[in-house]
Amino acid sequence: MINWITETKGQFNRRMAWWREAKFGMFIHWGLYAIPAGMWKGKKVPGIGEWIMYRARIPVREYELLAKEFNPVKFNAKEWVKVAKNAGMKWIVITAKHHDGFCMFNTKLTDYNIVKATPFKRDPLKELAQACKEEDIKLGFYYSQTLDWHHPDGMGNDWDYNPNEKNFSKYLEEYVKPQLQELLTNYGPVAVLWFDIGTPTPEQARSLREWVHKFQPATIINGRINPGREIGIGDYKERGDNEIPPEKVEGDWETPATINDTWGFKSYDHNWKSAGILIHKLVEIVSKGGNYLLNVGPTAEGIIPEPSVDRLKEVGKWLKVNGESIYGATASPFGEFEWGYCTTKPGKIYLHVLAWPYNGKLEVSSLKTKVNRAYLLADEKRRNLEVKEREDKVLIKLPANAPDPIDTVIVVEIEE
Ligand code: GLC
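Bear in mind the structure is a predicted one, so any value in this text is a computation, not a measurement.

A few words on the packing of helix α10 (residues 275-287) against helix α11 (residues 306-322). Look at α10 against α11: their axes get within 9 Å of each other, and the N-to-C directions meet at 50 degrees. Compared by their axis directions, α10 and α11 come out oblique. Judged by the sense of rotation from one axis to the other, the crossing of α10 with α11 is right-handed. Residue-level contacts link A275, L278, I279, L282 and V283 of α10 to R311, E314, V315, W318 and L319 of α11.

Here you go:
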């Protein structure tokens, strides 16, 4: 998607280069909602954890009291960044302010923030920025620019405030922009600004974009800054939550996704996807040209739930061996096969075999170029596999059993 203002295609490509290479990032939803963790007054509140204030129509004065209880003493920025790094994730996006309006950073614009309103008194974004710098992981911020159930002029709260009395442009100019300025000047380089839901009008979205780039011209802005689902103001298309397109999609795009069924921590959501499924989703997304931003929802103590950590470790182990087929790889022109997906790099096709062929022969149809050789990516000796070329297909002889039951990658070197 071409930037609508001031930037040439070349400049845009340079700004997007790291993101296109990175493919796999960590999303962190962390805020006061981790305390109720899906329960309010003894009852389970349906839906995603960070929406509890809305779903239970909790009055501002009541929800605010959670801040006095928020003391995540087990939070350790270095550990979180290590979890991301060991998973093979290249950047982190954390909620600076979610729809509940509580600020997870020190801000001069409201006392309703983690430093001034909680016994914790620390600024986790500062600590994360430092830890990310040390580990060479990029850091970005999620910022809810439209919904704010705490601020009288933010959108969405009609149980405390009268929607007709809201002055949204005042909120945008006098609250959102100065807060973004803080985020863009106090924490070092901000790799991504992740907006949500859509900004009400295109003019407002454009002025927010300009505002961000005034402070950090390199910051990548996600597609949910746009008023609707159209693209053009953000730098890349943000797909729906957990949504993977049915086929290859041109242009830059990302799927934000959950490991269980919530973003913000819920004590009783145990519906964890297996590591195998997460790897399959990563491969599918990369094979269709996208990035995968996978969420963790830390607890009110500051712990990333163990089931998430365990799974991410597994994904990281797989990426250590097979990362070449993911980082910097692009979509395959071939679509899906019965046995799996393909990713590509110049001169190479990576066959991701998720379903091992029972007869030990992998059939690759529609490969219309000359194959030089094929080998298992995990094989350090890169021993040639037997390849037979027939009119419109290639047959590769495989070991009887899948070396990696989750996804064995076969590298096919081709004539370009
Ligand atoms: C949705 C939700 C929000 C969540 C986001 C993540 O837009 O409103 O709670 O942060 O998806 O993609």
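Don't stop here, the text continues.
Time to look at empty space enclosed by the protein. Counted by the stated rule, this structure contains one cavity of 30 Å³ or more. Empty space within the largest cavity amounts to approximately 70 Å³. Considering the residues around the largest cavity, the lining is formed by N260, T262, W263, G264, F265, K266, W272, N295, V296, G297, P305 and S308. When its residues are assigned to classes, the lining of the largest cavity shows five nonpolar, six polar and one charged.

To continue, consider the domain arrangement of the protein chain. Segmentation of the protein chain into domains returns domain 1 (9-325) and domain 2 (332-414). Of note, the centres of domain 1 and domain 2, computed from C-alpha atoms alone, are 37 Å apart. Between domain 1 and domain 2, the contact holds 15 residues from the first and 17 residues from the second. Together domain 1 and domain 2 conceal approximately 1,400 Å² of surface at their shared face, both sides included; 57% is due to carbon and sulfur atoms.

As a further point, take helix α1 (residues 9-22). The first and last C-alpha atoms of α1 sit 20 Å apart over 14 residues, in line with the 20 Å expected at 1.5 Å per residue. Roughly 45 degrees is the biggest bend found in α1, and it falls at M16. Among the residues making up α1, those that are buried are F12, R15, M16, W18, W19 and A22. Where α1 ends, the next residue or the one after it, K23, has phi of about 65 degrees, a positive value.

With antiparallel pairing, the five strands of this open sheet are ordered in space as β11-β12-β13-β18-β15. The sheet is open, and its two edges are formed by β11 (330-331) and β15 (371-376), each paired on a single side. The sheet contact formed by strand β13 (residues 348-353) and strand β18 (residues 408-414) spans six bridges and is antiparallel. Its bridge partner being in β18, I349 is matched across the sheet by V412.

When their charged atoms lie close together, side chains carrying opposite charge are able to pair. Under the criterion given, the structure shown has 28 salt bridges. The partner of D252 in a salt bridge is R20, and the shortest N-O contact between them spans 2.8 Å. Of this pair, D252 sits in the loop between β8 (237-238) and β9 (253-257) while R20 sits in helix α1, and the two are 232 residues apart along the sequence. Note that E243 is salt-bridged to R239, the shortest N-O span being 2.7 Å. Salt bridges sharing common partners tie together E7, R15, R209 and D235.

Next up on the list: the sheet that holds strand β6 (residues 192-194). With respect to topology, eight strands assemble into an open sheet ordered β7-β6-β5-β4-β1-β10-β9-β8, the strand pairing being parallel. Among the strands making up the open sheet, the edge pair consists of β7 (220-221) and β8. Judged from the two bridges that link them, β8 and β9 form a sheet pairing that is parallel. Across the sheet, the residue bridging to E238 is E254, located in β9.

Criteria and thresholds
- Residues numbered from 1 in each chain as written.
- Predicted model: local features only at pLDDT ≥ 70, side-chain atom pairs only at ≥ 80, totals over all residues.
- Heavy atoms only, no water.
- Axes fitted to C-alpha atoms, helices over the stretch in contact; angles between N-to-C directions.
- Helix = DSSP H or I, 4+ residues; strand = E, 2+ residues; numbered from the N terminus.
- Parallel < 35°, antiparallel > 145°, perpendicular 65-115°, else oblique.
- Left-handed = near helix turned anticlockwise from the far one by under 90°.
- Contact = heavy atoms within 4.5 Å.
- 1 Å grid on protein atoms, 1.4 Å probe; cavity = no way out; pocket = protein on both sides within 12 Å on 5 of 7 lines; lining within 4 Å.
- Points joined across faces, edges and corners; volume = space filled by probe spheres on them.
- Nonpolar A, V, L, I, M, F, W, Y, C, P; charged D, E, K, R; others polar.
- Domains from an automatic or database assignment.
- Buried area = accessible area lost by both parts, 1.4 Å probe.
- Expected span 1.5 Å × (residues − 1).
- Bend = angle between axes of the 7 residues up to and from the residue.
- Buried < 20%, exposed > 50% of the residue type's maximum accessible area, 1.4 Å probe, protein only.
- Pairing = 2+ DSSP bridges.
- Salt bridge = Lys/Arg side-chain N within 4 Å of Asp/Glu carboxyl O.

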